[in-house]
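Next come the chains, spelled out residue by residue.
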Amino acid sequence: MNVHEYQAKDILQSFGVPVPRGDVASTADEAADVARALGGDKFVVKAQIHAGGRGKGGGVKLADSIDEVRDIAGQMIGMDLVTHQTGPEGKRVEKVLVAEAVDIHQELYLGLVVDRASSAVTLMASAEGGVEIETIAAERPEAILKEAADPAVGLLPFQANRVAYGLGLETAVARQFVSMAMKLYKTFTESDAALMEINPLAVVGDGVLVALDAKMNFDDNALYRHKDIAELRDPTEEDPRELEAKEHELSYVSLDGTIGCMVNGAGLAMSTMDIIKHYGAEPANFLDVGGRATAERVTVAFKLILSDPNVKAILVNIFGGIVACDLIAEGVLAAVEEVQLSVPLVVRLEGTNVQRGRQLLAESDLDIITAEDLDEAAQKAVAAVSAQAR
Ligand code: GDP
Ligand code: MN
């Protein structure tokens, strides 16, 4: 689960990480009130959406007076902000963060990720913050310093120190960097984060280090033990299909491809996605209907898949273990009838009562392409999609 910048900064602050003073506002007048309460005459107004690249997209603006804060906030709130991460339709801005503006001397990058290669939470840092870190990672990976934290002892000060000097920071700033990295690591692990990015981590006016931006993502499976963080969820930022799936206890993740997948079991769902890619197409989603693939759940699953306009074919791959294939076949047939299928459907069944299940599909006058094994099913689904492209 992602949170907004202002929420991430609240969390960081509660762990003692320095962030610029500021507050969130939902209207232009509220934004002006925040600026008045902050005092001073240099402010920054920042659109709060779950996407990066706001600066380049016009979602981060400096203001020299309370009136200017009000004007900028008035323009930003309600606009559809387009950044390289939002897609062309952009994201509606509901809130802005109004903060005291600072004089930036240097922009660093600091990230904490769960790194699969080292199986450890890893600190990443670069002296070139502010810009897209992906570009640096792709073009000059050596400009990103990394330290993997041993899970048994956590990130150690000497590691943060090594990074600080590797970045070429002078002693006074390096000391702050080490203290900040240790606090960020503590925030990360104690809040069960999956990703944290401070970009830029800025050296401001008087040589002070502050987190100027903050992005945090939390492990959904750990949210049950962080009620306060779970409450930060912003449903307007979530994929409506994923929300709907959650309500029906289906595991669904929407992806960019064209073949909608309906599978029971996460492992089988992963291999189904792999084999679709193997035969040259891309999955439109990950969908695990779970152990009990009842007619009702299958119907909901079909509706979910079909509500994605990118879907050009559906591949159902179900292993009848706990539930028998003939029941699944009945469920699929009932669902297909109910949802008025508009794209080719490939079904592969295997497991208990498979003969009876296949017979049911074969006898139906609905337009269903059947397959005996996974290779055949994937090839037929890919062929159905390429036939439309021609
Ligand atoms: P992002 O583009 O969505 O990552 O938004 P950021 O919060 O990182 O802001 C983008 C850029 O705006 C930063 O890299 C800074 O250069 C600039 N910026 C943000 N806050 C301030 C500020 O208080 N003062 C100044 N001068 N620039 C700021
Ligand atoms: Mn940023």
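These notes cover the structure that comes with them. Worth saying up front: this structure is predicted, and the values here are computed from it rather than measured.

When its secondary structure is counted, the protein chain shows 14 helices and 18 strands. By principal-axis analysis of the C-alpha atoms, the protein chain measures approximately 80 × 50 × 45 Å. Buried positions account for 48% of the 390 residues belonging to the protein chain. Taking contacts inside the protein chain between residues at least 6 apart in sequence as the whole, the part at least 24 apart equals 66%.

Here we come to the site of ligand 1. By nearness alone, 16 residues border ligand 1, and Lys46, Arg54, Gly55, Val102 and Glu107 come closest of all. Within the contact set of ligand 1, a nitrogen atom lies 2.9 Å away from a backbone nitrogen or oxygen of Val102. Between ligand 1 and Asn199, the relevant distance is 3.1 Å, taken from an oxygen atom to a main-chain nitrogen or oxygen of the residue. In isolation ligand 1 has 560 Å² of accessible area, and contact with the protein removes 80% of it.

With respect to the helices and strands, Ala138 occurs in helix H5 (residues 133-139). You can call Ala138 exposed: its relative accessible area is 63%. Residues Ala138 and Val34 lie 104 residues apart in sequence; the distance between their C-alpha atoms is 40 Å.

On the protein side, the manganese ion (ligand 2) has Asn199 (O) and Asp213 (OD) as donor atoms, found 2.1 to 2.2 Å from it. Taken together, the residues span a long stretch of sequence, with Asn199 in strand S10 (residues 193-204) and Asp213 in the loop between strand S11 (208-211) and strand S12 (215-218) at a distance of 14 residues. Exposure class is identical for Asn199 and Asp213. Each is buried.

This brings us to the packing of helix H12 (residues 325-339) against helix H13 (residues 354-363). Viewed as axis vectors pointing N to C, H12 and H13 meet at an angle of 20 degrees, and their least axial separation amounts to 7 Å. Classified by the angle between their axes, H12 and H13 sit roughly parallel to one another. Between H12 and H13 lies a crossing of right-handed hand. Every residue of H13 that contacts H12 at Cys325, Asp326, Ala329, Glu330 and Leu333 is listed here: Val354, Arg356, Gly357, Leu360 and Leu361. The residue inventory of the contact of H12 with H13, partitioned by class, reads six nonpolar, one polar and three charged.

Another point: unusual backbone geometry. The peptide bond linking Asn199 to Pro200 adopts the cis configuration, its omega dihedral lying at 10 degrees. Relative to the assigned elements, Pro200 resides in strand S10. The phi torsion at Asp192 lies on the positive side, around 55 degrees, for a residue other than glycine. Turning to its location among the elements, Asp192 is positioned in the loop between helix H7 (171-190) and S10. The residue Asn353 is not glycine, and still its phi comes out positive at about 55 degrees.

Read from one edge to the other, the open sheet built from four strands follows the order S1-S6-S2-S3, with strand pairing classed as antiparallel. Only two strands of the sheet have a single neighbouring strand rather than two, namely strand S1 (22-25) and strand S3 (60-63). Going from strand to strand, the sheet's axes swing by 20 degrees on average, the running direction of each strand aside. Judged from the four bridges that link them, S1 and strand S6 (residues 96-100) form a sheet pairing that is antiparallel. The residue bridging Val24 from the neighbouring strand is Leu97, located in S6. Of the strands in this sheet, S1, strand S2 (43-47) and S6 are in contact with helix H1 (residues 5-14), which crosses S6 at around 50 degrees.

Inspection of the secondary structure assignment puts Glu238 in the loop between helix H8 (227-230) and helix H9 (240-247). Look past the residues within four positions of Glu238 in its chain and what remains in contact with it is Met1, Arg233, Leu243 and Lys246.

We now examine the pattern of salt bridges. Applying the stated criterion across every chain yields a total of 22 salt bridges. For Arg233, the salt bridge goes to Glu238, with nearest N and O atoms at 3.0 Å. Of the charged contacts, one joins Lys380 and Glu376 as a salt bridge, the two residues approaching to 2.9 Å between their closest N and O atoms. Taken as a pair, Lys380 and Glu376 lie in helix H14 (residues 374-389) at a separation of four residues, close to a single helical turn. On the accessibility criterion, Glu376 (25% relative accessible area) is partly exposed.

This part is about the nonpolar core. One finds Leu12, Phe177, Leu184, Ile198 and Met216 to be the most contacted residues of the largest nonpolar core, which totals 41 residues. Of all the secondary structure elements, the ones that give two or more residues to this core are H1, strand S7 (104-115), strand S8 (120-126), helix H6 (157-166), H7, S10, S11 and S12. Here the element with the most residues in this core is H7; it accounts for nine residues. In this structure, Leu12 is in contact with Val17, Val19, Leu184, Thr187, Met196, Ile198, Ala211, Ala214 and Met216, ignoring residues within four places of it in sequence.

Moving on, we get to the packing of H6 against H7. The relative placement of two packed helices comes down to the angle between their axes together with the axis-to-axis distance. With their axes 9 Å apart at the nearest point, H6 and H7 run at an angle of 135 degrees to one another. When the axis of H6 is compared with that of H7, the two are oblique. Relative to H7, H6 is oriented so that their crossing is right-handed. Residues Pro157, Ala160, Asn161, Val163, Ala164 and Tyr165 of H6 lie in contact with H7, whose contacting residues are Thr171, Ala174, Phe177, Val178, Ala181 and Met182. When the residues that make up the contact of H6 with H7 are grouped by side-chain class, the tally is 10 nonpolar, two polar and no charged.

What counts, and at which threshold
- Residues numbered from 1 in each chain as written.
- Chains lettered and ligands numbered in written order.
- Predicted model: local features only at pLDDT ≥ 70, side-chain atom pairs only at ≥ 80, totals over all residues.
- Heavy atoms only, no water.
- Helix = DSSP H or I, 4+ residues; strand = E, 2+ residues; numbered from the N terminus.
- Buried < 20%, exposed > 50% of the residue type's maximum accessible area, 1.4 Å probe, protein only.
- Contact = heavy atoms within 4.5 Å.
- Near = heavy atom within 4 Å.
- Polar contact = N/O pair within 3.5 Å; in protein donor to acceptor, adjacent residues only side chain to side chain.
- Areas by Shrake-Rupley, 256 points an atom, 1.4 Å probe, with all protein chains shown as cover.
- Donors = N, O, S within 2.8 Å, 3.2 Å for Na, K, Ca; no water.
- Axes fitted to C-alpha atoms, helices over the stretch in contact; angles between N-to-C directions.
- Parallel < 35°, antiparallel > 145°, perpendicular 65-115°, else oblique.
- Left-handed = near helix turned anticlockwise from the far one by under 90°.
- Nonpolar A, V, L, I, M, F, W, Y, C, P; charged D, E, K, R; others polar.
- Pairing = 2+ DSSP bridges.
- Salt bridge = Lys/Arg side-chain N within 4 Å of Asp/Glu carboxyl O.
- Core = buried A, V, L, I, M, F, W, Y, C linked by side-chain atoms within 4.5 Å.

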